[in-house]
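Now for the letters of each chain:
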Amino acid sequence: MLIVGEVRTSLLRTSSRLGRAEVVDLLGLKPGQRVLVTDRPVNRSVSPDVMVGVDCRLATEPLTRARGIGTVAAHAVVTGGLVLQSSAKARLEKAAANHRLAWAHYASQRGVVEVISRADVPQLARGHRTVVPDGAVLDLGAVSEYLIGNVQRRPQLDHQIAMRSRSTRVRWTATVAEGADPAVRLHVDDDVRRTVELSLPPALLETAERFCEDLALHDWLITTLAGAIDQADRDMALGVDPIKTLTSAVERLVHLWMPGAHVDLPLRSLWAALETSPGFSLQWNAQVARIRDLIAVRTLEALERVGQHDASW
């Protein structure tokens with residue numbers, strides 16, 4: 001069995017952090033279905049799943065004809081009242097028939113896409129991770145992008161940008177590894193795209209999505225904090241005071257750094273591997289220290305200017 005997914009992460013289009021009740025209202029995408037809320041150690045709210053029907057080609061590597069029919073499950077996540085994620089996934093299973101059945105058959109299996117093909121699990125997994133969707137193959141990124149856009153346009157937001165940031169994308173696969181410990185491989189494709197390959201015992205396969213959402217969140221935090229430092233460097237080169245950019249980043253992002261806090265316990269060991277390589281917390285702590293040093297230096301410079309002004313009187 002194979003589970004494929006994609007997570008998009010961005011900053012909510014709001015000038016201030018949303019409270020618990022505001023987030024629940026924002027994520028109430030389906031009337032009558034509740035938003036799941038966890039308040040400790042930081043607020044994390046998850047919308048009800050939205051189902052999207054699909055009947056399309058599936059990406060494979062090497063190229064093999066493969067057709068998928070079924071439903072994709074997608075939901076939105078808000079962490080700390082500030083960070084928005086949209087997550088889409090599908091469990092790929094071999095179809096019992098080599099032709100399309102009545103739609104009721106597929107609709108009864110939420111988040112399952114049946115595969116009509118001779119393609120095996122490694123071919124489908126590599127295809128999902130490496131092939132760029134061309135509009136004809138299953139595109140979980142498009143599902144995530146649609147959902148995140150839907151949330152960002154909702155009237156509960158004031159649509160003001162709190163700080164500069166870029167959206168990031170994490171495309172992931174989870175396969176069964178019988179009798180082996182959980183394992184993760186992370187590849188940084190470019191400035192905003194990441195690829196994650198998980199190998200898990202059968203009983204843990206369904207926990208993969210939450211781990212990938214947590215990984216995507218912390219990768220976005222690192223990326224966004226690095227962007228704030230780069231912007232501060234550019235501001236200083238132009239003679240512009242970077243304090244507003246730096247303090248905004250500290251106030252909004254630093255308290256959200258909690259790797260593994262919302263991951264199922266058996267998968268928290270995967271964070272240990274990521275802390276070794278590429279060294280998430282090491283990079284994060286270095287960035288936070290750099291920002292605080294910059295703020296301290298600029299504050300001392302401002303105090304010195306005030307002292308010189310007072311002395312001139």
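Residues numbered from 1 in each chain as written. Predicted model: local features only at pLDDT ≥ 70, side-chain atom pairs only at ≥ 80, totals over all residues. Heavy atoms only, no water.

Strand β6 (residues 83–94) sits mainly inside the fold: nine of its twelve residues count as buried. Pairing geometry for strand β1 (residues 2–11) and β6, over ten bridges, is antiparallel. Each residue of the ladder has a partner; that of Val4, found in β6, is Ala90. For strand β5 (residues 66–79) and β6, the ladder comprises seven bridges, and the chain directions are antiparallel. Bridging across to β6, Ala76 finds its partner in Ser86. Here β5 folds back onto β6, and the loop between the two strands holds three residues, one of which, Gly80, carries a positive phi near 65 degrees. Across four bridges, the pairing between β6 and strand β7 (residues 112–117) is parallel. (Buried < 20%, exposed > 50% of the residue type's maximum accessible area, 1.4 Å probe, protein only. Helix = DSSP H or I, 4+ residues; strand = E, 2+ residues; numbered from the N terminus. Pairing = 2+ DSSP bridges.)

So, about the pattern of salt bridges. Oppositely charged side chains can form a pair if their charged atoms are brought close together. On inspection of all chains with the given rule, the structure shows 18 salt bridges. Across the pair Asp55 and Arg100 runs a salt bridge whose closest N-O atoms are separated by 2.7 Å. You can see Asp55 sitting in strand β4 (residues 50–57) and its partner Arg100 sitting in the loop between β6 and α2 (103–107), a full 45 residues away along the chain. Here Asp191 ties to Arg166 by a salt bridge, and the two come within 3.9 Å at their closest N and O atoms. Taken together, the residues Asp191 in the loop between β9 (183–188) and β10 (193–200) and Arg166 in the loop between α4 (140–152) and β8 (168–176) connect sequence positions 25 residues apart. Because the salt bridges share partners, they merge into one network encompassing Lys89, Arg91, Glu93, Glu206 and Glu209. (Salt bridge = Lys/Arg side-chain N within 4 Å of Asp/Glu carboxyl O.)

Moving on, we come to the packing of helix α5 (residues 208–237) against helix α7 (residues 269–276). Packing of α5 against α7 brings their axes to within 11 Å, and their N-to-C directions diverge by 30 degrees. The angle between α5 and α7 falls in the class roughly parallel. In terms of crossing hand, the pair formed by α5 and α7 is right-handed. Facing Phe211, Asp214, Leu215 and His218 of α5, the residues of α7 in contact are Leu270, Trp271 and Leu274. When its residues are assigned to classes, the contact of α5 with α7 shows five nonpolar, one polar and one charged. (Axes fitted to C-alpha atoms, helices over the stretch in contact; angles between N-to-C directions. Parallel < 35°, antiparallel > 145°, perpendicular 65-115°, else oblique. Left-handed = near helix turned anticlockwise from the far one by under 90°. Contact = heavy atoms within 4.5 Å. Nonpolar A, V, L, I, M, F, W, Y, C, P; charged D, E, K, R; others polar.)

This paragraph deals with the packing of aromatic side chains. For the coordinates displayed, the defined rule picks out four aromatic pairs. Measuring from centroid to centroid gives 5.6 Å for Trp103 and Tyr106, while their planes differ by 40 degrees, and the two rings are tilted. Residue Trp103 and its partner Tyr106 are located together in helix α2, separated by three residues, close to a single helical turn. The exposure class assigned to Tyr106 is buried, which follows from its relative accessible area of 2%. Seen from their ring centres, Trp271 and Phe280 are 5.3 Å apart, and the 85 degrees between their planes marks the pair as edge-to-face. Of the two residues, Trp271 and Phe280, both sit in the buried class. (Phe/Tyr/Trp six-rings, centres within 6.5 Å; stacked < 30°, edge-to-face > 60°.)

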